[in-house]
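Given next are the chains, with one letter for each unit.
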Amino acid sequence: MTIPERASTKNAPLPSAAKLPAKVSSKVPAAENTLRILKLLSSKRGPLAASTIATTLELPRSSVYHLLGVMEQSGFVMHLHEEQRYGLGVAAFELSSAYSRQEPLSRLGRPLLANLVDKIGESAHLAVLHGRDVVYIVEERAKNRPSLVTDVGVRLPSHLTASGRAILAALPKSQVRALYPNAAAFSTRTDVPEPIAKYSTLSSHLDQVRIRGYSTEHGEVTDGFGSVAAAVTDDLGWPVAAVAVTFLEEKVPAEKWPDLAQRVEKAAQELSVRIYGRREA
């Protein structure tokens, strides 16, 4: 599975690593600063000069050069001599690959979804963005509920699904626009009135998702079924997945959707905490 390129959740410039703690309280500051450098490099679209790293993280240049030298020897960063900049190295990529192999999202998400299903009595799933599609990586079926199309491994157009919309709403508009450059990028599955079939409609819908904090879907994947979803974000606010519940619309009145969404949001937030640790208020 691929994770979308990181971008701000509010269509603002990329988050500055200067917002990370400047004064290290750890008893092992070298380790702390090494992680801060790796985090900064991973948040940028390209390599950075050592001076930029030092300024952004408010660290002495001598310390930054020393740490970069150690990380370069270990393969976690590479020095681009012609550009005089530093980028992530092969060892960092290997960590990313190991992360994917261990499937932490699935492992951490499955018990949370099972608990959510027990509480609400409706089926739930976890999905990630892959290009313009969402791929379902966990499904927890509620007892006596009909089967869904969202089995593990199934791909669906993200603009049609509550899961996809929750993730798209957490990306900057420029990135969403790049994913949907023209009408050919849109597709439909059912004959719903006023389908999302062009970028202006999608953009307007995502604006509402940002205001509410959760997304919805009414019969656009399967006739008669609705869904609500919330994004799972990392410690910088980047969307990495979405938690959703799907149900027969005739069984769940519209006035109950906000309460259902609140439970979904809570599960998504808990998964974020489990993956990235508790965040400061």
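Going by the structure above, here's the rest.
Remember, it's a predicted structure, so these values are computed and weren't measured experimentally. (Residues numbered from 1 in each chain as written. Predicted model: local features only at pLDDT ≥ 70, side-chain atom pairs only at ≥ 80, totals over all residues. Heavy atoms only, no water.)

(A) Representation of the sheet that holds strand β8 (residues 239-248) within the structure. With antiparallel pairing, the six strands of this open sheet are ordered in space as β5-β4-β3-β8-β7-β6. Looking at strand neighbours, the two that pair on one side only are β5 (155-157) and β6 (215-218), the edges of this open sheet. Along the sheet, successive strands turn relative to each other by an average axial angle of 30°, direction set aside. Alignment of strand β3 (residues 123-130) against β8, held across five bridges, turns out to be antiparallel. Bridge pairing in β8 links Ser123 to Thr246. Across the sheet, helix α5 (residues 104-120) touches β3, β4 (133-140) and β8, and the angle it forms with β4 is around 65°. (Pairing = 2+ DSSP bridges. Helix = DSSP H or I, 4+ residues; strand = E, 2+ residues; numbered from the N terminus. Axes fitted to C-alpha atoms, helices over the stretch in contact; angles between N-to-C directions. Contact = heavy atoms within 4.5 Å.)

(B) Structural detail: the pairing of strand β7 (residues 225-233). β7 sits mainly inside the fold: eight of its nine residues count as buried. Of the strand pairs in this sheet, β6 and β7 are connected by four bridges, and their pairing is antiparallel. Directly across from Ser215, in β7, lies its bridge partner Ala229. Between β6 and the antiparallel strand that follows it, β7, lie six residues; Gly219 among them carries a positive phi value of about 65°. Taken together, β7 and the strand that follows it, β8, pair antiparallel across an intervening segment of five residues, in which Gly237 is found at a positive phi of about 90°. (Buried < 20%, exposed > 50% of the residue type's maximum accessible area, 1.4 Å probe, protein only.)

Coordinates in, geometry out; function isn't part of it.
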